[in-house]
Amino acid sequence: MTSSHTQGRGRAAKSAARSTQNETLTAAGRAGFVARGIVYVLIGLLSIRIAVGSGGGQADRQGALHEIAAQPFGKAMLWALVVGFAAMALWRGARAVLSKGPRRKVSSRVLDGGRAVFYAFVCWGTATYAAGGGQGSSGNAKSQDWTASALKLSYGQVLVGAAGCLLIGIGAVLAVRAAMRRFLKQLDTGTMSHRTKQVVTALGVGGGVARGVVFAAAGIFVLAAAVRFDPHEAKGVDATLRSFAQTPVGPWLLVAVAIGLILFGVFSFASARWRRL
């Protein structure tokens with residue numbers, strides 16, 4: 001009787017611990033999506049300002065941080081972003097390590113692990129900026145520096161070319177998956193009204209395609225750097241976005257992509273609300 005009672009209490013304690021863990025990771029995931037959404041919305045707004053010729057600093061994550069820092073309570077908002085990105089890294093890392101089931105293939109775990117590392121770096125960079133470390137080198141300069149260092153290695157040209165192809169592939173996959181509405185499988189659409197589902201779907205398609213286009217364009221520049229053996233051909237997010245304004249379509253293509261990035265930011269907010277975490 002005593003043994004049965006003890007086992008029952010043990011199971012109850014384990015169940016409570018699992019419930020607390022799930023609630024913590026769910027909250028972390030939602031905070032991470034909010035942080036991601038804020039940055040994408042700001043990058044989109046900065047890109048529009050560049051397209052219409054009204055200034056606008058760097059249209060990348062550093063530019064977004066600069067815009068936040070310039071606002072009232074900017075320092076507090078920056079540290080809130082640090083917490084959000086740390087939460088996203090925690091959630092992605094937990095999915096890579098703790099998630100179980102037949103659908104959690106090795107490739108999915110590796111992908112989540114890579115995303116966790118990425119958001120850990122983003123968190124560190126945001127914390128450094130918030131602590132007064134400054135912006136440092138622009139994203140474009142960093143991209144060129146990394147490309148130049150890679151080209152100096154044995155088979156460096158091949159490595160840089162492979163990196164460019166990888167970025168192009170990632171961009172294509174992101175755009176195609178968004179166009180096919182694959183993201184709906186990750187959302188709790190059953191709790192949405194019909195109108196809400198339509199709006200969220202439009203946000204996911206438009207935003208996901210625009211995000212994929214930016215990744216693919218950045219990959220094309222990296223591939224060009226490899227083919228021409230010129231690191232200056234590589235471009236960061238800001239320079240990649242500005243390149244859209246230099247096409248025959250003019251600034252309107254940049255405006256379209258910028259609107260898409262804003263849509264993706266808003267979709268991230270929707271993910272914070274309806275994503276199955």
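We now turn to the structure provided with this report. Note that the coordinates shown come from a computational prediction; the quantities given were computed from them, not determined experimentally.

**Comments concerning the overall build of the chain**
Scanning the chain from terminus to terminus reveals nine helices and zero strands. Overall, the chain shows an N-to-C arrangement of helices and strands of α-α-α-α-α-α-α-α-α. Going through the 277 residues of the chain one by one, you find that 40% of them count as buried. The long-range share in the chain, meaning contacts at least 24 apart out of those at least 6 apart in sequence, stands at 74%. Counting every atom, the chain has about 15,100 Å² of accessible surface; 65% of that belongs to carbon and sulfur.

**Brief notes about a positive patch on the surface**
Taken together, Arg115, Arg177, Arg182 and Lys185 make up a surface patch of like positive charges. Following the sequence through the fold, Arg115 ends up in helix H4 (residues 106-133).

**Quick word on the pattern of salt bridges**
Per the stated rule, a full pass over the model turns up five salt bridges. For the salt bridge of Arg228 with Glu233, the shortest nitrogen-to-oxygen distance reads 3.1 Å. In the salt-bridge network here, residues are joined through shared partners; they are Arg92, Arg95 and Asp112.

**Some thoughts on the nonpolar core**
The biggest cluster of nonpolar side chains holds 49 residues, and the ones touching the most others in it are Phe85 and Leu241. Put simply, the parts of the chain that give this core at least two residues each are helix H1 (2-51), helix H2 (61-69), helix H3 (74-97), H4, helix H7 (194-228), helix H8 (237-244) and helix H9 (251-274). Sorting elements by how many residues they give to this core places H1 first, with 11 residues. The contacts of Phe85, once residues within four sequence positions are left out, are Ala35, Arg36, Val39, Tyr119, Val122, Cys123 and Thr126.

**A look at the environment of Leu187**
Within the secondary structure, Leu187 is located in the loop between helix H6 (156-179) and H7. You can call Leu187 buried: its relative accessible area is 2%. For Leu187 and Trp274, which are 87 residues apart along the polypeptide, the C-alpha to C-alpha distance reads 5.4 Å. For Leu187, the contacting residues outside a window of four places in its chain are Met192, Val200, Phe267, Ser271, Trp274, Arg275 and Arg276.

**Quick word on unusual backbone geometry**
Both trends apply: most residues other than glycine have a negative phi, and most peptide bonds are in trans. One non-glycine residue with positive phi stands out, namely Arg181, at about 60°. Among the structural elements, Arg181 can be located in the loop between H6 and H7. Notably, Phe229 is not glycine yet its phi reads approximately 55°, a positive angle.

**A short note on the environment of Val209**
Within the element layout of this structure, Val209 appears in helix H7. Its relative accessible area of 29% is what places Val209 among the partly exposed residues. Put simply, Val209 and Ala172 are 37 residues apart on the chain and 8.6 Å apart in space, counted from C-alpha to C-alpha. In this structure, Val209 is in contact with Ala175, Ala178 and Ala179, ignoring residues within four places of it in sequence.

**Brief notes about the packing of H7 against H9**
H9 packs onto H7 with a crossing angle of 130° between their chain directions and a minimal axis gap of 7 Å. Classified by the angle between their axes, H7 and H9 sit oblique to one another. Note that H7 runs across H9; the crossing there is left-handed. Across the interface between the two elements, Thr196, Val200, Leu203, Gly204, Gly206, Gly207, Gly208, Ala210, Arg211 and Val214 from H7 touch Val257, Gly260, Leu261, Leu263, Phe264, Val266, Phe267, Ala270 and Trp274 from H9. Residue classes in the contact of H7 with H9 are distributed as 12 nonpolar, six polar and one charged.

**Describing the packing of aromatic side chains**
Per the stated rule, a full pass over the model turns up six aromatic pairs. On the basis of an interplanar angle of 75° and a centroid distance of 5.1 Å, the ring pair of Phe183 and Phe267 is categorised as edge-to-face. Taken as a pair, Phe183 in the loop between H6 and H7 and Phe267 in helix H9 lie far apart in primary sequence, 84 residues in all. You'll find Phe183 and Phe267 in the same group, each marked buried. Ring centres of Phe264 and Phe267 lie 6.2 Å apart, and the angle between their planes is 40°; on these two criteria the pair is classed as tilted. Of this pair, Phe264 and Phe267 are both found in helix H9, three residues apart, which corresponds to roughly one turn of the helix. Judged on exposure class, the residue Phe264 and its partner Phe267 are both buried.

Calculation criteria
Residues numbered from 1 in each chain as written. Predicted model: local features only at pLDDT ≥ 70, side-chain atom pairs only at ≥ 80, totals over all residues. Heavy atoms only, no water. Helix = DSSP H or I, 4+ residues; strand = E, 2+ residues; numbered from the N terminus. Buried < 20%, exposed > 50% of the residue type's maximum accessible area, 1.4 Å probe, protein only. Contact = heavy atoms within 4.5 Å. Areas by Shrake-Rupley, 256 points an atom, 1.4 Å probe, with all protein chains shown as cover. Patch = residues over 30% accessible without salt bridge, like charges linked within 9 Å, V, L, I, M, F, W, Y side chains within 5 Å. Salt bridge = Lys/Arg side-chain N within 4 Å of Asp/Glu carboxyl O. Lys, Arg positive; Asp, Glu negative; His and termini not counted. Charge placed at Lys NZ, Arg CZ, Asp CG, Glu CD. Core = buried A, V, L, I, M, F, W, Y, C linked by side-chain atoms within 4.5 Å. Axes fitted to C-alpha atoms, helices over the stretch in contact; angles between N-to-C directions. Parallel < 35°, antiparallel > 145°, perpendicular 65-115°, else oblique. Left-handed = near helix turned anticlockwise from the far one by under 90°. Nonpolar A, V, L, I, M, F, W, Y, C, P; charged D, E, K, R; others polar. Phe/Tyr/Trp six-rings, centres within 6.5 Å; stacked < 30°, edge-to-face > 60°.

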